[in-house]
Amino acid sequence: MKKVLLFIALLVAACINVKAQSLGDAISLRNQGRFLEAAKVLRPLADGGDSQAQALAATMFFKGEGVSRNVQQGLKYAKMSADQECMDGLEVLALYYYCELDDHYGGNNSPKHPKELFSTLNYYYTKYPRFRQWKASELLGECYLHGWGTEKNEDRAWELFMENSERLDKLIRDNADSWQAYQQRHPELFVVHDKVDQ
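Residues numbered from 1 in each chain as written. Predicted model: local features only at pLDDT ≥ 70, side-chain atom pairs only at ≥ 80, totals over all residues. Heavy atoms only, no water.

### Overview of the overall build of the protein chain
At step 1: Counting secondary structure elements, the protein chain contains 11 helices and 0 strands.
At step 2: Reading the protein chain from its N end, one meets helices and strands in the order α-α-α-α-α-α-α-α-α-α-α.
At step 3: With an accessible surface of roughly 12,100 Å², the protein chain has 52% of that area assigned to carbon and sulfur atoms. (Helix = DSSP H or I, 4+ residues; strand = E, 2+ residues; numbered from the N terminus. Areas by Shrake-Rupley, 256 points an atom, 1.4 Å probe, with all protein chains shown as cover.)

Here it is, written out as structure tokens:
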């Protein structure tokens, strides 16, 4: 009887250990280059609705890490994640459309899929206000500034850049002519009011 109880206890402990595998475990395995093991841990979490796991699963499908490279599966998981307002999900989706997650794709290049990049960013920017606080406004602004997937519209680009001023100084430096033209077209936005003491 003791042997049966010990066997049951070990079996329960093994089951708990399998269920206890987490996103942290998957990330750790992936960082160690153990992609197949990471994918095995990650897939049930992603299929179970974990938005962070979905974003990581998308990356692994796009890159073929531990799974066969499968763009459709990557897009599916990235969209599932972004639809839960997970910023990592939207970032992976945007990176796929920009450079297909190619680490060697230069930062000064045009996106590989400009129409998809613009429509995706515009969709999530419009549908989920939370994404406006993130790089979505900046990336959407880049699309308008350069005419990636949409008609070039510098005014709209600068409106979006100013929503998220985290990198505004760099954007101004990198696009000085466009910034000056925007200021000239919209001087009412740049009026400095003197403080009046009462």
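From this point, things continue past the structure.
### Focus: the packing of helix α3 (residues 35-47) against helix α4 (residues 51-63)
At step 1: At a closest axis distance of 9 Å, the pairing of α3 and α4 adopts a crossing angle of 135°. Between α3 and α4, the angle is such that the two are oblique. Crossing of α3 against α4: the hand is left-handed. Of the residues in α4, those touching α3 at Phe35, Ala38, Ala39, Leu42, Arg43, Leu45 and Ala46 are Ala53, Gln54, Leu56, Ala57, Met60 and Phe61.
At step 2: Partitioned by chemical class, the residues of the contact of α3 with α4 number 11 nonpolar, 1 polar and 1 charged. (Axes fitted to C-alpha atoms, helices over the stretch in contact; angles between N-to-C directions. Parallel < 35°, antiparallel > 145°, perpendicular 65-115°, else oblique. Left-handed = near helix turned anticlockwise from the far one by under 90°. Contact = heavy atoms within 4.5 Å. Nonpolar A, V, L, I, M, F, W, Y, C, P; charged D, E, K, R; others polar.)

### Focus on the pattern of salt bridges
At step 1: In the structure shown here, the tally under the stated rule is 8 salt bridges.
At step 2: One salt bridge connects Lys112 with Asp102, and the closest N-O pair in it is separated by 3.9 Å. A residue pair is termed long-range when its members are at least 10 positions apart, and Lys112 in the loop between α6 (87-99) and α7 (114-127) and Asp102 in the loop between α6 and α7 qualify at 10 residues.
At step 3: By relative accessible area, which is 35% here, Lys112 ends up partly exposed.
At step 4: Asp102 gets classed as partly exposed once you look at its relative accessible area, which sits at 31%.
At step 5: Glu154 is the salt-bridge partner of Arg185, the closest N and O atoms lying 4.0 Å from each other. Separated by 31 residues along the polypeptide, Arg185 in helix α11 (residues 176-185) and Glu154 in helix α9 (residues 154-163) bring together distant segments of the chain.
At step 6: Through salt bridges with shared partners, a single ionic network connects Glu154, Asp155 and Arg185. (Salt bridge = Lys/Arg side-chain N within 4 Å of Asp/Glu carboxyl O. Buried < 20%, exposed > 50% of the residue type's maximum accessible area, 1.4 Å probe, protein only.)

### Considering the side chain of Glu65
At step 1: The topology assignment puts Glu65 in the loop between α4 and α5 (71-82).
At step 2: Contacts of Glu65, omitting those with residues within four sequence positions, involve Arg30, Phe35 and Met60.

### Digging into unusual backbone geometry
At step 1: Positive phi, normally seen in glycine, also occurs at Glu85, with a value near 65°.
At step 2: Looking at the secondary structure, you find Glu85 in the loop between α5 and α6.
At step 3: Of the residues examined, Glu85 reaches a relative accessible area of 28% and is grouped as partly exposed.
At step 4: Even without a glycine there, the phi angle at Leu101 is positive, about 55°.
At step 5: In this fold, Leu101 is placed in the loop between α6 and α7.
At step 6: Owing to a relative accessible area of 11%, Leu101 belongs among the buried residues under this scheme.

### A word on the packing of aromatic side chains
At step 1: Taken as a whole and judged by the stated rule, the model has 12 aromatic pairs.
At step 2: Ring geometry for Tyr123 and Tyr124: centres 4.8 Å apart, planes at 85°, overall edge-to-face.
At step 3: Classification of Tyr123 by relative accessible area gives partly exposed; the value is 39%.
At step 4: Ring centres 5.9 Å apart and planes at 15° place the aromatic pair Tyr124 and Tyr128 in the stacked group.
At step 5: Its relative accessible area of 4% is what places Tyr124 among the buried residues.
At step 6: Each member of the aromatic cluster is reached from another via a ring pair, and the members are Tyr123, Tyr124, Tyr128 and Phe131.
At step 7: In this structure, Lys76 packs its charged tip against the face of Tyr77, placed 4.8 Å from the ring centre.
At step 8: Above the face of the Tyr125 ring, Arg132 is positioned so that its terminal group lies 4.7 Å from the ring centre. (Phe/Tyr/Trp six-rings, centres within 6.5 Å; stacked < 30°, edge-to-face > 60°. Lys NZ or Arg CZ within 6 Å of the ring centre and 35° of its normal.)

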